[in-house]
Amino acid sequence: MKKIAMLLFIIFLLPVSLLADDTIMKIGVVDIQKALNESEAGKKAKSDLEALIKSKQSVIDEKKKALEKLKGEIEKQTSILSAEAKKNKEADLERLLREYQRTVQDSQDEVKKKEAELTNSIIKEVREIVEKFSSKEKYAIIVEKGIVIYSNEGIDITDTVIKKYNESKKK
């Protein structure tokens, strides 16, 4: 509802107030998702995240193999194991299963946390670049592309923002 109200404000009221003082209103659109995916920092973050996922996946795969191995042993030896030995092996299996599930959950949580950390950092920096660029280039308003139903490609400043962001990271 707030997005609709803001959009209506932008479409109807803002142009009237800005045109009242005989200035030309510049409006820009930024695709934050594109900036995340195509900026150098975004690509590096994605690569770092994929490396973290691979390392976590290898640990998970090892635990899964150990779990399957013990399960296979129990199935093969079920007829020759004493009741006590079978009970101990099943307890070990349950412990390994809980450990496996905890590892999977902890890994997912760590990956989500790292992704949010990297994404939020880049978004914050991109917004700062947008603010500086918009002020320098005298844009009246910059909106995020995901909220806009239609925009002329001429007002999309995403590529410029990505370029300026990459330049700022090299300094």
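Not measured: the values here are computed from a predicted model. (Residues numbered from 1 in each chain as written. Predicted model: local features only at pLDDT ≥ 70, side-chain atom pairs only at ≥ 80, totals over all residues. Heavy atoms only, no water.)

Visitor: Whenever I open this one, the environment of Ala 45 confuses me. Can you help?
Guide: Along the polypeptide, Ala 45 turns up in helix H3 (residues 40–77). Taking the C-alpha atoms as reference points, Ala 45 and Thr 119, separated by 74 residues in sequence, lie 7.9 Å from one another. Sequence-distant contacts of Ala 45, defined by excluding residues within four places in its chain, comprise Leu 118 and Ile 122. (Helix = DSSP H or I, 4+ residues; strand = E, 2+ residues; numbered from the N terminus. Contact = heavy atoms within 4.5 Å.)

Visitor: Explain the packing of helix H4 (residues 83–137) against helix H5 (residues 158–170) to me, please; I cannot follow it from the model alone.
Guide: Helix-helix packing is described using two parameters, namely the angle between the two axes and the distance between the axes. Viewed as axis vectors pointing N to C, H4 and H5 meet at an angle of 110°, and their least axial separation amounts to 10 Å. In terms of their interaxial angle, H4 and H5 are classed as roughly perpendicular. Judged by the sense of rotation from one axis to the other, the crossing of H4 with H5 is right-handed. Side by side, H4 and H5 meet where Ile 122, Glu 125, Val 126, Ile 129, Val 130 and Phe 133 of the first sit next to Thr 160, Val 161, Lys 164, Tyr 165, Ser 168 and Lys 169 of the second. (Axes fitted to C-alpha atoms, helices over the stretch in contact; angles between N-to-C directions. Parallel < 35°, antiparallel > 145°, perpendicular 65-115°, else oblique. Left-handed = near helix turned anticlockwise from the far one by under 90°.)

Visitor: Please explain the nonpolar core as it appears in this structure.
Guide: Looking at soluble globular proteins, one finds that nonpolar side chains tend to be buried together. By size, the foremost hydrophobic cluster in this structure holds 17 residues, and its most contacted members are Val 30, Ile 32, Ile 122, Val 126, Ile 157 and Val 161. Mapped by element, the contributors of at least two residues to this core are helix H2 (32–38), H4 and H5. Looking at this core, the element that brings in the most residues is H4, giving 7 residues. (Core = buried A, V, L, I, M, F, W, Y, C linked by side-chain atoms within 4.5 Å. Buried < 20%, exposed > 50% of the residue type's maximum accessible area, 1.4 Å probe, protein only.)

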